[in-house]
Each structure stands twice: as structure tokens, then as C-alpha cells.
Amino acid sequence: MLERGEGAHSPAICTPLVGKDRKELLTELAEILLKKPDIIEWRLDFYEEIQDINSVLSAAKDIYENSERTPILLTVRSQKEGGQPISLSEKEVVAILAEVCKHPYVAIIDFEVSNQPEHIRYLREVSKENNKKLVLSYHNFSFTPPKAEIFKSLFLAEFYGADAAKAAVMPQNNQDVLTLLEATREAEKELTIPLITMSMGGLGAISRIVGWMYGSSVTFAVGKSSSAPGQVPIDELRKIIQLTKKVTGPESHYSHQIVSI
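Here is what the cut-offs are and how they apply
Residues numbered from 1 in each chain as written. Predicted model: local features only at pLDDT ≥ 70, side-chain atom pairs only at ≥ 80, totals over all residues. Heavy atoms only, no water. UniProt positions renumbered as here; feature names shortened; annotations may be inferred. Buried < 20%, exposed > 50% of the residue type's maximum accessible area, 1.4 Å probe, protein only. Contact = heavy atoms within 4.5 Å. Polar contact = N/O pair within 3.5 Å; in protein donor to acceptor, adjacent residues only side chain to side chain. 1 Å grid on protein atoms, 1.4 Å probe; cavity = no way out; pocket = protein on both sides within 12 Å on 5 of 7 lines; lining within 4 Å. Points joined across faces, edges and corners; volume = space filled by probe spheres on them. Helix = DSSP H or I, 4+ residues; strand = E, 2+ residues; numbered from the N terminus. Nonpolar A, V, L, I, M, F, W, Y, C, P; charged D, E, K, R; others polar. Pairing = 2+ DSSP bridges. Right-handed = clockwise from strand over helix to strand, strands pointing away.

Okay, the UniProt feature "active site" (unreviewed entry) in the chain next. Under the present numbering, the feature "active site" (unreviewed entry) in UniProt falls on His139 and Lys166. In sequence the annotated residues extend across 28 residues, while in space they remain close, none of their C-alpha pairs exceeding 8.3 Å. The exposure class of His139 is buried, given its relative accessible area of 8%. If sequence neighbours within four positions are ignored, His139 has contacts with Arg77, Glu81, Glu112, Lys166 and Ala168. In terms of polar contacts, His139 uses its side chain to reach the side chain of Arg77, at 3.3 Å.

What follows is the structure, given as C-alpha cells:
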């Protein structure tokens, strides 16, 4: 279940699973589990047989049965927002996500908030019916838009009834990273759902370390393979976050959101 909280807690750490077939997925999963992530994101757009729903369900079952109860977040990232090229239409992606929701294999699905409103509403309905959480996300791999635009994507996710709102943007300079963090801090005061935000690339790596202090509930780290620029290896990220918490100390009361599933 997604929950909001107060105080100096650590963010949930999510690692991507990007294997192109079932053998690669299970090998990668075994390596990732050794590092004990809080959430595993299966990036289905990397999967070679994404067009075959039976293959997808079979792979999802394998991942679920070998995940040691680690919650699975299912994502089909569109090419326009940084995903792999796939031959499926948005409507076909919706059908796949909806079908997987009917099974116990995933706990959360991610869908882009820029998609068609009718598709968002349908997935919200299906995910609720099957006790799955819905993250509505926005990604900009080219630049960091103005703070107002980041706000808009996060608030729109809440408007559609998402369980969490995500925004990931690419900085061109240090000020862009501050824009993302400031947007996160201010949106956290206004929204009632958890936020997941990050500034990507090398410049933005700091946001993956301290984003939780501004209101981001989840950070993404490399388990075996990276799914986005700027992701830090999970072992290193966990150590840096713990050091940050130690330095800031218990007197630091940053309002933020945590995830428990």
C-alpha cells in the first residue's frame, strides 16, 4: 500500500529489470535480489516477446514466483518518453497492462500521464478492481521544463486518481536540478498522494540521493543494468543515503512520503 509519512525516513529503492527474454530476466533477477531492493521495476518494453500476451504472462509469473516477495512494478515505457522501440499501439499497451493486472504477478503498474485520458481512466478502473496500485508518470529526456510544467504533470496524476505521481527530467545545468527539487518540495505540500521525482543524468544524480528530503518517496538504482541515465549502483546509493541521514541527524524534519507495499 502506498502511504505518506513524516520524518527522516529512507526512500524505497527500486531497481530495473531489463532482460530481453525469460532466461535473461531470471538471471538478472537473481543478481538483483542479492542486493535487497524494496521494489523491482520490470521494464516490459525491453522484452522481445512483448506482443505475445501469453509469453508476457508466463514471464510475469516466473518473475513473481522467484522475486522473494519483492513487489513488482510493471512499466511499458513509450519511446517518446525514453522507452525502447516497440511495435504496439497505446491501446495495445493498455490491453497488456490490464490483462496483467488480473493476475497476482505485479503490485503496481506505471502508465504515462500524457496518454489518452480514456486509457488512463480505464487502467485506473482495472487496477482498482484488481487491488493494484497505479503510478502515473511524466518523463522528459531532453530538458528540464519550467517548474509549473512539472507541477502540472504531478497534479494531473492526482486528478486522475493515481496512487503516486512520478516526474523524471533531464537537467542541462545545476539550476535545473534545483528546479526539480523545488518543484518536488512545493508539490509535496499540495498533493495528497506520494511523489516519485528525479533529475536524470550525471548532473541529476544528487537528486537520487537527497530527493527523499524534498518529498520523493522512491529512488531508482542500478541492480544489474541501468534503465535510465544517472542511476547509481544500489549498494553505493544505500550507503550514501545512510550517510546523508547520519549527517543531517534526527533534528532534521523534512516532510516527505514513504512507500510500503
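Space inside the second largest pocket adds up to approximately 220 Å³. Taken together, 15 residues make up the lining of the second largest pocket; nearest its centre are Ser78, Gln79, Ile86, Glu90 and Val93. Contributions of two or more residues to the lining of the second largest pocket are made by helix H3 (90-101) and strand E5 (108-112). Broken down by element, the lining of the second largest pocket gets its largest block of residues, three residues, from E5. Here the lining of the second largest pocket is composed, by residue class, of five nonpolar, five polar and five charged.

Another aspect to go through is the pairing of E5. Of all five residues in E5, five are buried, a share of seventy percent or more. Taking every second residue as pointing to the same face, both faces of E5 are buried, with Ile108, Asp110 and Glu112 on one and Ile109 and Phe111 on the other. Pairing between strand E4 (residues 72-75) and E5: three bridges, direction parallel. Its bridge partner lying in E5, Leu74 is registered against Ile109.

UniProt tags Glu41, Trp42, Arg43, Arg77, Arg208, Ser227 and Gln231 as "binding site: 3-dehydroquinate" (unreviewed entry). For the second largest pocket, the lining residues among the annotations just cited are Arg77. Along the chain, Arg43 turns up in strand E3 (residues 39-43). Using a relative accessible area of 4% as the deciding quantity, one classes Arg43 as buried. Relative to the helices and strands, Arg208 resides in helix H7 (residues 201-214).

Attention shifts here to the pairing of E3. Summarising burial for E3: five of the five residues are buried, a large majority. Side-chain alternation along E3 places Ile39, Glu41 and Arg43 on one buried face and Ile40 and Trp42 on a second face that is also buried. In this structure, strand E2 (residues 12-17) lies alongside E3, joined through four bridges in parallel fashion. Pairing of Leu17 across the sheet is with Trp42, part of E3. This β-α-β element, E2 to helix H1 (residues 22-33) to E3, shows right-handed connectivity. Across four bridges, E3 lies against E4 in parallel orientation. Bridging across to E4, Glu41 finds its partner in Leu73.

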